[in-house]
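Descriptive structure summary
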Amino acid sequence: MKRLLLGDEAIALGALHAGLSGVYAYPGTPSTEITEFIQGDKLARERNVHSRWCTNEKTAMEAALGMSYAGKRALVCMKHVGMNVCADAFVNSAITGCNGGLIVLAADDPSMHSSQNEQDSRFYGKFAMIPVFEPSNQQEAYDMVEEAFALSERLKEPVLMRVVTRLAHSRAAVEIHDAKAENELSPETDRTHWVLLPGNAKRQYAALIEKQPVIAEAAADSEFNRLELCEDEPENKTGVICCGIGYNYVKEAVGNTMNVLKVSQYPLPEKDIVALAAVSENLLVVEDGQPVVEELVRGMLGAGYPVYGRLTGALPRAGELNPDNVAKALGVESNKVYDPSPVLAGRPPQFCQGCGHRDVYNALREVVAEFGDKARVFGDIGCYTLGALPPFTAIDSCVDMGASITMAKGAADAGVHPSIAIIGDSTFTHSGMTGLLDAVNDHSNIVVVISDNLTTGMTGGQDSAGTSKYEAICVALGVDPAHVRVIVPQPTKVEQIKEMIREEIAYPDVSVIIPRRECIQTLARHARQKAAARKQ
Amino acid sequence: MKKDIILCGVGGQGILSIATIIGEAATAAGLNLKQAEVHGMSQRGGDVQSNLRLSTDVIYSDLIPMGEADVIISMEPMEALRYLPYLSKEGAVVTSSQSFVNIPNYPEVSAIDAELDKLPKVAKLDIEQIAKEVATVRSANVVLLGMAAPYIGILSTDELRGAVARVFERKGEAVVEANLKAFDAGVAAVG
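Residues numbered from 1 in each chain as written. Chains lettered and ligands numbered in written order. Predicted model: local features only at pLDDT ≥ 70, side-chain atom pairs only at ≥ 80, totals over all residues. Heavy atoms only, no water.

Attention shifts here to the overall build of chain B. Counting its regular elements, chain B contains seven helices and six strands. Moving toward the C terminus, one meets the helices and strands of chain B in the order β-α-β-β-β-α-β-α-β-α-α-α-α. Its C-alpha atoms give chain B a radius of gyration of 15 Å, near enough to 16 Å, the size a compact globule of 191 residues would have. Reported as C-alpha extents along the three principal axes, the dimensions of chain B are approximately 40 × 40 × 35 Å. The 191 residues of chain B split such that 57% are buried. When the accessible surface of chain B is totalled, it reaches about 7,400 Å², and 50% of it is carbon and sulfur. Averaging the positions of the 17 positive and the 24 negative side-chain charges in chain B gives two centres separated by 2 Å. (Helix = DSSP H or I, 4+ residues; strand = E, 2+ residues; numbered from the N terminus. Rg over C-alpha atoms; globule rule 2.2 N^0.38 Å. Buried < 20%, exposed > 50% of the residue type's maximum accessible area, 1.4 Å probe, protein only. Areas by Shrake-Rupley, 256 points an atom, 1.4 Å probe, with all protein chains shown as cover. Lys, Arg positive; Asp, Glu negative; His and termini not counted. Charge placed at Lys NZ, Arg CZ, Asp CG, Glu CD.)

Dropping the structure here:
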């Protein structure tokens, strides 16, 4: 049976059919649809597979490790920058090892379609010294999940699966099979693996090093890696190493006319690379993201052997691969006819009409203007980052999840006044709470605006972990209850919001303003759901 | 045989519904298909596009190379121009004639029209008006699909029409009827 699936959905269904017991995730483009698929799946509901959103990627990673500890198969999903948030748990999970199969799924975003960098998660796999899988298409993504769980259980190590936006968000028909049963509950019995006191940790690290040849062998024998040599000697003497979806662009451009090595499981299959180098005059590395493989292959073959890729300019140093830049690197002429039209304007994304963030920014920028160039507004990650664009031009920074509060605090420490943070509700519980505690303990002179739309808006309206708890959280962290203030952001209340901001700027300690009104997208969706329910 | 289609417009205009209908028709016809979508921040009033590839053979790349799109189907005239480098020599542009202006520097409408009229195959109509006349304004994207039907080629008009009915089936008979009328009106408008 075939089903039309996004790459993300193929991974989700592959995991369910491999006997998944829990997915743990915080929403992040382009990974969100994996968890959403499982939340909506009938089999997952029947089996009571865990799929509720987590507060952040670190809590997700640790909960998944706990499920693996108990003997069951677990999947943890995130966008690439989420790997930074969970890195402590991730790297140490390779030292403890796992019990039930554990897959860490990182969805990278080369070209930064919806991200603040294009870091390549394959580095994390190498860093943690565990196997890495990188599917080239939707079918392989589905099939690979089962293999990845099996390898994880055979090695007793977590494995990393890396996808990129163009696979995550592209649909194709996938041949699917029946679902396997879940693992039985069988909690780990050997404490020494799991208690990473130095004595145990040294032993576990030595064991991880000892597993390296087995991990390399698994990749060398992998069905997902394939040396494809032409029957007759090809005209073009370049050998191509194609990683993940890079393979598709190469095949699109040259078909079967060049010698290629398809790589979808790491560590790199060294024997195949040496064999390809032996029948080629030079190698071209086609990989999406950063030049991870290109550097490794250079090391493998030595200085005398020419290796081309992103580092040499054969492919662009930044940005995603596409059929055009890969074809160019392979010397294939483009069929392009039309140049870009001169009659064209950019159309950046913008706040929805009626969005509460608009009212917050309309108030904020006017108050900020009253302070000349003295005030600074530290922004954060979410729809409200669009406040950086005209007509608002209302934030001065956006770095990482939670950085608004802590940067405002640091700037206030240095003497900036007014120092204002603006952060969304979901981002606040993800990584803002600890920063707020620092600010409270230091009596920092900052105003924190938690723009609460009752959802995780930017990724499509997922549940937000702290909904209905924000005042209680702020007060419990030590903010004076008189300076935790709530207001409904709407056009008629802009003057009131402005006055509130002025008052709290005047208060020389931490204050929190919570403008709260539901995201108009989720509001409309909830209304549709209610109407549909009434019909039935 | 293969057909490469670019669907485009402004976030919220319903281009993914068009993709769903063509995808349904292609699956029923046993064609291979790849469809790259845009999710996340770019949906909010910004430009959106989807690459749809249909073929009787294996499709490798999820993205269409420049100069190879057989059809650009656009919910907005300026957005159609954005993807011109992808259009093949004999490729067709099927677009709404009505501008969606949500940016301060939107070009002169006459300049957009002039650019479009230079192309060899263009179908440009007020799809909202047609949708209002035969069904509801919400079916404008299905009018556009009807206009594009003759250019899609690899699927017959009947196959696409059948897919319209199946995709809207769960929304009830009235919605199916409205969308079939919209589709037929689109087909008739270019026929």
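From N to C terminus, chain A includes 21 helices and 18 strands. The C-alpha atoms of chain A give 25 Å as radius of gyration, which agrees with the globular expectation for 536 residues (24 Å, within 12%). By its C-alpha atoms, chain A is 80 × 65 × 60 Å across when sized along the principal axes. When contacts within chain A are restricted to residue pairs at least 6 apart in sequence, long-range pairs at least 24 apart make up 77% of them. Of the roughly 21,600 Å² that chain A leaves accessible, carbon and sulfur atoms contribute 53%. Charged side chains of chain A number 50 positive and 68 negative; the gap between the two group centres comes to 5 Å. (Contact = heavy atoms within 4.5 Å.)

Put simply, an interface is often sized by how much accessible area is lost when its parts join up. On the chain B side, the residues contacting the 46 residues of chain A number 49 residues. Buried area between chain A and chain B, both sides added, is near 4,000 Å², and the carbon and sulfur share of it is 56%. A per-residue breakdown of the area chain A buries against chain B is headed by Tyr-338, Val-343 and Arg-347 of chain A, which together make up 22% of the total. Connecting chain A to chain B are four salt bridges. Among the ionic pairs, Glu-37 of chain B bridges to Arg-171 of chain A, the shortest N-O distance being 2.8 Å. Counting across the chain A and chain B interface gives 18 residue pairs in polar contact (both at pLDDT 80 or more). The set of elements that each furnish at least two residues to the side of chain A that touches chain B consists of β1 (2-6), β7 (170-175), α12 (246-254) and α15 (323-329) of chain A. The biggest single contributor to the side of chain A that touches chain B is α12 of chain A, with five residues. Each residue belonging to the side of chain A that touches chain B can be placed in one class, and the counts come to 19 nonpolar, 18 polar and nine charged. Note that β7 of chain A and strand β2 (residues 32-36) of chain B share three bridges and pair antiparallel. Looking across to β2 of chain B, one finds that Ala-172 of chain A is bridged to Lys-34 of chain B. (Buried area = accessible area lost by both parts, 1.4 Å probe. Salt bridge = Lys/Arg side-chain N within 4 Å of Asp/Glu carboxyl O. Polar contact = N/O pair within 3.5 Å; in protein donor to acceptor, adjacent residues only side chain to side chain. Nonpolar A, V, L, I, M, F, W, Y, C, P; charged D, E, K, R; others polar. Pairing = 2+ DSSP bridges.)

To continue, consider the sheet that holds strand β16 (residues 446-451) of chain A. Residue and element names in this part refer to chain A. Read from one edge of the open sheet, five strands run β14-β15-β16-β18-β17, paired in parallel fashion. Taken across any chain shown, the strands that pair with only one partner, and hence form the sheet edges, are β14 (376-378) and β17 (484-487). Each strand axis lies, on average, 20 degrees off the axis of its neighbour in the sheet, ignoring direction. Pairing geometry for β16 and strand β18 (residues 511-515), over three bridges, is parallel. By the bridge assignment for β18, Val-447 is matched with Ser-511. Here helix α17 (residues 403-414) sits on the sheet and contacts β14, β15 (419-424) and β16; the angle it forms with β15, its principal contact strand, is near 175 degrees. (Axes fitted to C-alpha atoms, helices over the stretch in contact; angles between N-to-C directions.)

Inspection of the secondary structure assignment puts Ala-275 of chain A in helix α13 (residues 270-278). The spacing of Ala-275 of chain A and Asp-143 of chain A is 132 residues in sequence and 27 Å in space, taken between C-alpha atoms.

Right, let's talk about the packing of α13 of chain A against helix α14 (residues 292-301) of chain A for a bit. All names here are of chain A. Following both chains from N to C, one finds α13 and α14 inclined at 70 degrees, their axes separated by 11 Å at the closest point. Between α13 and α14, the angle is such that the two are roughly perpendicular. Contacts between α13 and α14 involve Glu-270, Ile-273, Val-274 and Ala-277 on the former and, on the latter, Val-297, Met-300 and Leu-301. Tallied by class, residues from the contact of α13 with α14 come to six nonpolar, no polar and one charged. (Parallel < 35°, antiparallel > 145°, perpendicular 65-115°, else oblique.)

With the rule as written, the count across this model stands at eight aromatic pairs over all chains. Ring plane angle 80 degrees and centroid distance 6.2 Å describe the contact between Tyr-247 of chain A and Tyr-60 of chain B, whose orientation is recorded as edge-to-face. In this pair, Tyr-247 of chain A is assigned in helix α12 and Tyr-60 of chain B in the loop between β3 (47-55) and β4 (69-74), connecting two distinct chains. Taking 5.5 Å as the distance between ring centres and 80 degrees as the angle between the ring planes, the aromatic pair formed by Phe-351 of chain A and Phe-392 of chain A counts as edge-to-face. Of the two residues, Phe-351 of chain A is situated in the loop between α15 and α16 (356-369) and Phe-392 of chain A in the loop between β14 and α17; the sequence distance between them amounts to 41 residues. The exposure class of Phe-351 of chain A is buried, given its relative accessible area of 5%. According to the relative accessible area criterion, Phe-392 of chain A is buried, its value standing at 7%. Joined through ring pairs, the aromatic side chains of Phe-351, Tyr-361 and Phe-392 of chain A make up one cluster. (Phe/Tyr/Trp six-rings, centres within 6.5 Å; stacked < 30°, edge-to-face > 60°.)

Turning next to the domain arrangement of chain A. For chain A, the assigned domains read domain 1 (2-220), domain 2 (226-329) and domain 3 (356-522). Centre-to-centre separation of domain 2 of chain A and domain 3 of chain A, based on C-alpha positions: 48 Å. (Domains from an automatic or database assignment.)

Attention shifts here to a positive patch on the surface. Side chains of Arg-528 of chain A together with Arg-138, Arg-170 and Lys-171 of chain B sit close together on the surface and give a patch of like positive charge. Looking at where Arg-170 of chain B falls in the secondary structure, it is placed in the loop between α6 (157-168) and α7 (173-190). (Patch = residues over 30% accessible without salt bridge, like charges linked within 9 Å, V, L, I, M, F, W, Y side chains within 5 Å.)

All right, on to helix α4 (residues 127-134) of chain B then. Because each turn of an α-helix spans 3.6 residues, side chains separated by three or four positions in sequence point in the same direction. Residues and elements named next belong to chain B. Regarding α4, the residues found buried are Ile-127, Ile-130 and Ala-131. Around the axis of α4, the buried residues are gathered within 100 degrees of arc, so they sit on the same side. Opposite the buried face of α4, at more than 90 degrees from it, the exposed residues are Lys-132 and Glu-133. Considering only its buried residues, α4 is in contact with β5 (87-96), β6 (121-125), α5 (140-152) and α7. (Arc of directions from axis to C-beta.)

Our focus in this paragraph is the pattern of salt bridges. Counted by the stated rule, this structure contains 46 salt bridges over all chains. Of the charged contacts, one joins Asp-113 of chain B and Lys-124 of chain B as a salt bridge, the two residues approaching to 3.3 Å between their closest N and O atoms. Of this pair, Asp-113 of chain B sits in helix α3 (residues 109-117) while Lys-124 of chain B is found in strand β6, placing the two residues 11 residues apart along the sequence. Since its relative accessible area comes to 24%, Asp-113 of chain B is described here as partly exposed. Overall, the relative accessible area of 25% leaves Lys-124 of chain B in the partly exposed class. Through salt bridges with shared partners, a single ionic network connects Asp-108, Asp-120, Arg-122, Glu-134, Arg-162 and Glu-287 of chain A.

Residue and element names in this part refer to chain B. Counting buried positions over the 10 residues of β5 gives eight, a clear majority of the element. Bridging between β4 and β5 involves five bridges; their strand directions are parallel. When the sheet's bridge partners are listed, Ile-72 is paired in β5 with Val-93. Taken together, the five bridges between β5 and β6 define a ladder with parallel strand orientation.

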